[in-house]
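Residue strings, one per chain:
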Amino acid sequence: MGALICHPATFFGALMLAISSIGFFPMVVIANPGAITRHYTFDIRVQNVTRLCHTKSIVTVNGKFPGPPIYAREGDRVVIKVVNHVQNNVSIHWHGIRQLQSQWADGPAYVTQCPIQTGQSYVYNFTLVGQRGTLLWHAHFSWLRATLYGPIIILPKPNVSYPFGKPYKEIPILFGEWWNTDTEAIINQALQTGGGPNVSDAYTMNGLPGPLYNCSEKETFKLKVKTRKTYLFRLINAALNDELFFSIANHSLTIVEADALYVKPFNINILVLAPGQTTNVLLKTKPHHPNARFLMAARPYFTGMGSIDNTTTAGILEYLTPSSNTNFLQSHHPLIKPTLPAINDTSYVANFSSKFRSLANAQYPVRVPKNVDKSFFFTVGLGSNPCPKNQTCQGPNGTKFSASVNNISFTLPNTAILQSYLFKKSNGVYTTDFPSTPLIKFNYTGTPPNNTMVMNGTKVVVLPFNTSVEVILQGTSILGVESHPLHLHGYNFFVVGQGFGNFDPKKDPDKYNLVDPVERNTVGVPSGGWVAIRFFADNPGVWFMHCHFEVHLSWGLKMVWIVLDGKLPNQKLPPPPADLPKC
């Protein structure tokens, strides 16, 4: 059966067609009753793209920026053939997909697979189990996800409704970052010099910077809406290094889903999205034409000490006005701008994050571990590595910037850890002595220690199957406090607690929410604070956990869990596919 290559006229037009016409999908194969397989082909190709009056060659999927959508229903099987036509190695991660019995399809290079080399291909094959909502796919090799990203839209099963009223239309909004120069050259230079990388030149909304940038008036996402309608926005933060505030002037939003899991609805005027996080929101348009246009704006939240792209991407919300038998826009109407928080408004972010609650009802129950088999305390933050001899480095006090978990800066091996684990060839690839608590205790959010040096290694944690796990993720003040969006592959986890300062093991657990905690795959460790997560280790395999700021990932803020097989056949790691890339 042939595969479908998506060549929509525009990214937005294709996705609108797909999700407004629920019954239309790409090539459908009925493997057996009740199972539908959706085929895609992702051709990785170089494409010239112009933004901010700068034209450059970028790596794309099927020539599109952002890339094409993956859309399916809960329970569907998705098969994507990725063909690499560029000089870069590449791998694709299906961010937030549980990958139950499909561990070889998770995607992070040198963790679950070797990258796909030039001229080679790999077929990602997975089934969508127990998930519905919005996720994203992106490259998981170096900084290629700057341009290699797109939405994953998972609709409910047939004849299953949303737990809220059916929206009139569904609109994807993807936030990204744009550099006028080559991002691979930027991170390579930063790693060589030890300093921070050059920040982006703009943020983007559906690939477009918007009217607040020079030479960008025509590169603006414009959304045309009708009065008295409910629109569902599928919001995705695909930016590399920045959390973002987002607001629509003079409009309130109702949050109904986070990371492809429904939440108790709540209203908000300004929301916050960390890189890798997704949120579905409802917008109820005004009952009468407002005689105005409204800016949809996003700009960064940041508390660190480094440089930041402190600019604003924007789109325009326009109301259609009936005139005879046609609709037209009142482009002369005034443009109203929203008010966004200060760039370092940590209190707003914390208050916003605390509002999320799972539905926790009979149809969507909460399975949070009430008792914990294994507890971990992980410090996350920045540090430094010594500057090599006969080299001048641009990091703190002449060192190289680094980042770590429990002061271990993770070094990727030159072969995939999952393969090494399966074939019992871990010697020289990784060790199983990742520390469960910091090796050196200090005042994590107080005056930083004089010694900021990290240790380097490829260390993992091994968990027996179905272990109930609690992890305290503690931010540190070493080289400044800032938020860290931590993403766990292969799992959702429950956010049972969060706070500022140092975690107190005697007092803070008493304040945990074990009734309806939000379930996510990416959580922001508060700036100068901590977050507590719990999950059952019920998905055997090798699973990456890392900061979703790409610069921190490059500096080593990452670690790996190995979850052992269970006793039943569906609790064991399946054999690798025949076309698994080789290193």
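Shown above is the structure to which this text applies.
Remember, predicted model here, so these are calculated numbers, not experimental data.

S.K.: How do you make sense of the sheet that holds strand S35 (residues 558-563) when you look at a structure like this?
M.R.: Strand pairing in a sheet is mediated by backbone hydrogen bonds. Such pairs are either parallel or antiparallel. On the basis of which strands lie adjacent, the open sheet formed by five strands has the order S27-S35-S34-S29-S32 and mixed pairing. On the outer flanks of this sheet lie strand S27 (460-463) and strand S32 (522-525), each paired with one strand and no other. Averaged over all pairs of adjacent strands, the angle between their axes in this sheet comes to 20°, without regard to strand direction. Of the pairings in the sheet, the one linking strand S29 (residues 484-488) to S32 comprises four bridges and is antiparallel in character. Note that in S32 the partner of Leu-486 across the bridge is Val-523.

S.K.: What exactly am I supposed to notice about the pairing of S35 here?
M.R.: Regular strands have side chains that alternate between both faces of the sheet. In terms of burial, S35 is largely enclosed, as six of its six residues are buried. Of the two faces of S35, the one holding Lys-558, Val-560 and Ile-562 and the one holding Met-559, Trp-561 and Val-563 are both buried throughout. As paired strands, S27 and S35 are joined by four bridges and run parallel to one another. Paired with Leu-463 across the strands is Val-563, a residue of S35. Here strand S34 (residues 541-547) pairs with S35 via six bridges, running antiparallel. Counted as the bridge partner of Phe-544 is Val-560 from S35.

S.K.: What is the right way to read the pattern of salt bridges from this model?
M.R.: Side chains that differ in charge, positive against negative, can pair when their charged atoms come close. As enumerated under the stated definition, the model contains twelve salt bridges in all. As a salt-bridge pair, Arg-98 and Asp-538 come within 3.1 Å of each other at their nearest N and O atoms. Of this pair, Arg-98 sits in the loop between strand S6 (92-95) and strand S7 (121-127) while Asp-538 sits in the loop between strand S33 (529-537) and S34, and the two are 440 residues apart along the sequence. Note on Arg-98: relative accessible area 14%, which makes it buried. Among the ionic pairs, Glu-550 bridges to Arg-145, the shortest N-O distance being 2.6 Å. Residue Glu-550 is found in helix H5 (residues 550-555), and its partner Arg-145 is found in the loop between strand S8 (133-139) and strand S9 (149-155); the two are separated by 405 residues along the sequence. Residues Glu-550 and Arg-145 agree in their burial class; the two are buried. Through salt bridges with shared partners, a single network forms among Arg-98, Arg-367 and Asp-538.

S.K.: I'm lost on the packing of aromatic side chains in this one. Help?
M.R.: The relation between two aromatic rings is expressed through the spacing of the ring centres and the mutual angle of the planes. This structure, assessed with the given rule, holds 35 aromatic pairs. Aromatic side chains Trp-94 and Phe-126 sit 5.7 Å apart centroid to centroid with 40° between the ring planes, which places their arrangement in the tilted category. Of the two residues, Trp-94 sits in strand S6 while Phe-126 sits in strand S7, which places them 32 residues apart along the sequence. When sorted by exposure, Trp-94 lands in the same class as Phe-126, which is buried.

S.K.: How should the sheet that holds S9 be read in this particular structure?
M.R.: As summarised here, the arrangement of the four strands in space is S4-S9-S8-S6, forming an open sheet in which the pairing is mixed. Of all strands in the sheet, those with a lone pairing partner are strand S4 (70-73) and S6, marking the two edges. Along the sheet, successive strands turn relative to each other by an average axial angle of 20°, direction set aside. Strand direction decides the pairing type here: S6 and S8, joined by four bridges, are antiparallel.

S.K.: Looking at this structure, how should I read a nonpolar patch on the surface?
M.R.: On the surface, Leu-439, Ile-440 and Met-455 cluster together into a nonpolar patch covering about 320 Å² of accessible area. Secondary-structure assignment places Met-455 in strand S26 (residues 455-457).

S.K.: Explanation requested: the state of the cysteines in the structure shown.
M.R.: Defined simply, a disulfide is a covalent bond joining two cysteines at their sulfur atoms. Taken as a whole and assessed by the stated rule, the structure comprises three disulfides. Put simply, Cys-387 and Cys-393 are joined by a disulfide, and their sulfur atoms are 2.1 Å apart. On the sign convention where negative means left-handed, the S-S torsion of about 80° between Cys-387 and Cys-393 marks this disulfide as right-handed. The class of Cys-387 is partly exposed, set by a relative accessible area of 22%. On the basis of relative accessibility, which here comes to 9%, the residue Cys-393 falls in the buried class.

S.K.: Looking at this structure, how should I read the side chain of His-484?
M.R.: Within the secondary structure, His-484 is located in strand S29. At a separation of 3.3 Å, a polar atom in the side chain of His-484 contacts the side chain of His-552. Setting aside residues up to four positions removed in sequence, His-484 forms contacts with Val-380, Gly-381, Val-523, Gly-524, Val-525, Cys-547, Phe-549, His-552 and Leu-557.

Rules used in this analysis
- Residues numbered from 1 in each chain as written.
- Predicted model: local features only at pLDDT ≥ 70, side-chain atom pairs only at ≥ 80, totals over all residues.
- Heavy atoms only, no water.
- Pairing = 2+ DSSP bridges.
- Helix = DSSP H or I, 4+ residues; strand = E, 2+ residues; numbered from the N terminus.
- Axes fitted to C-alpha atoms, helices over the stretch in contact; angles between N-to-C directions.
- Buried < 20%, exposed > 50% of the residue type's maximum accessible area, 1.4 Å probe, protein only.
- Salt bridge = Lys/Arg side-chain N within 4 Å of Asp/Glu carboxyl O.
- Phe/Tyr/Trp six-rings, centres within 6.5 Å; stacked < 30°, edge-to-face > 60°.
- Patch = residues over 30% accessible without salt bridge, like charges linked within 9 Å, V, L, I, M, F, W, Y side chains within 5 Å.
- Areas by Shrake-Rupley, 256 points an atom, 1.4 Å probe, with all protein chains shown as cover.
- Disulfide = S-S within 2.5 Å.
- Polar contact = N/O pair within 3.5 Å; in protein donor to acceptor, adjacent residues only side chain to side chain.
- Contact = heavy atoms within 4.5 Å.

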